Amino acid sequence: RCVDSILAQDYANLELILVDDGSTDKSLSICHRYRQTDPRVKVLHQENGGQGSARNAGIDIAQGEYLGFVDSDDTVMPDMYSYLLRLCQDNSAQIAVAGMFYDKAAVQKKISEAVMGHDEFFPKLLADEISSHPCNKLFGRALWDGIRFPQRNSVDDMMIMPALFDRADRVVVSNKNVYLYYNDRPDSVSNSKLTTHINAYERFVAFGERYRIAGERGITDRQEVILAKAAGFAIGAFSRMYPQVEYQEECEAIRSFFRAHAKTISANAKLQFARKAAAAMIRKCPQFYNIIYHIAKR
């Protein structure tokens, strides 16, 4: 379903790199079958290294002037890449961003497009007003020189997007839905209950870094939102990690963050009182917070 939707694009001059990241089913044979029937298809096979590793492997051999990414359980609309390419070329933009939808029957709102300079799009990216998902975007190849996805359990895209967007001069953002996100697989990285705490921790790390960048750049009008997101994910991660021995380092990083930003968290208008109280308890007395958290869960 995924590969067919890409090969059916109305823009035909594309290179499709299929990365088999250590699959244990018939994925590799399916990839080779496509390679035998369509010269645009290249196949890479590697030991399982995770999402970031697979994307990096594709970037390393890509020949095109632009790069796009599609997750293997999703599909794209037939005009996705012709549309994104036109947005880039017509507006001299290095990145084009389009809409994502979760239901094929969803009604498309009136299409709007906005061309933004760095001073406009970069604060929006830091505050997550422009999503960090790479799959609804087209990137100029030069942006990736010296940049690769980090080897994380999740949110590798959230961690890398500020560096990529920071290199761009102009970005086009459209609300046209071109990417169909399939979110019904319970064992996916996003949905797995086994990694919820790790996902939350890594989102905390990503937004903590964005908060630092916003402070350095003087992007004061987005700092409260970014800090609120970082604190929210930190609380969620700590609640599930503490007091497990294997997560002592992560829990201490969260407590250190709360100590460093105690005053700004307390004064943050974007944070509810309950979260401010949770941050204070985690900072001052994590054992007491752990007791309260488990009582509240009952």
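Coordinates for the structure precede this section.
These numbers come from a predicted model, not from an experiment. (Residues numbered from 1 in each chain as written. Predicted model: local features only at pLDDT ≥ 70, side-chain atom pairs only at ≥ 80, totals over all residues. Heavy atoms only, no water.)

**Digging into the packing of aromatic side chains**
Any pair of aromatic rings gets described here by the distance separating the centres and the angle formed by the planes. The final tally for this structure, using the stated rule, is 14 aromatic pairs. Pairing Phe207 with Phe233 gives two aromatic rings, centres 5.9 Å apart and planes at 15°, and the pair type is stacked. With a gap of 26 residues between them, Phe207 in helix H7 (residues 196-217) and Phe233 in helix H8 (residues 223-241) connect regions that are remote in the sequence. Both rings, one in Phe238 and one in Tyr242, keep their centres 5.0 Å apart while their planes meet at 15°; by these two values the pair is stacked. Taking the relative accessible area as the measure of exposure, Tyr242 reaches 18% and is therefore buried. These aromatic residues form a ring-pair network of at least three members: Phe69, Phe139, Trp144 and Phe149. In this structure, Arg1 packs its charged tip against the face of Tyr182, placed 5.0 Å from the ring centre. The side chain of Arg210 reaches across the aromatic face of Phe207, ending 5.4 Å from its centre. (Phe/Tyr/Trp six-rings, centres within 6.5 Å; stacked < 30°, edge-to-face > 60°. Helix = DSSP H or I, 4+ residues; strand = E, 2+ residues; numbered from the N terminus. Buried < 20%, exposed > 50% of the residue type's maximum accessible area, 1.4 Å probe, protein only. Lys NZ or Arg CZ within 6 Å of the ring centre and 35° of its normal.)

**Quick notes on helix H9 (residues 248-260)**
Here H9 spans 18 Å end to end across 13 residues, near enough to the 18 Å set by a 1.5 Å rise per residue. Regarding H9, the residues found buried are Cys251, Ile254, Arg255, Phe257 and Phe258. Within H9, the buried residues cover an arc of 155° as seen down the axis, which keeps them to one side. Among the exposed residues of H9, those pointing more than 90 degrees away from its buried face are Gln248, Glu249 and Ala260. The secondary structure elements touched by the buried residues of H9 are H7, H8, helix H10 (262-266), helix H11 (273-284) and helix H12 (286-297). (Expected span 1.5 Å × (residues − 1). Arc of directions from axis to C-beta. Contact = heavy atoms within 4.5 Å.)

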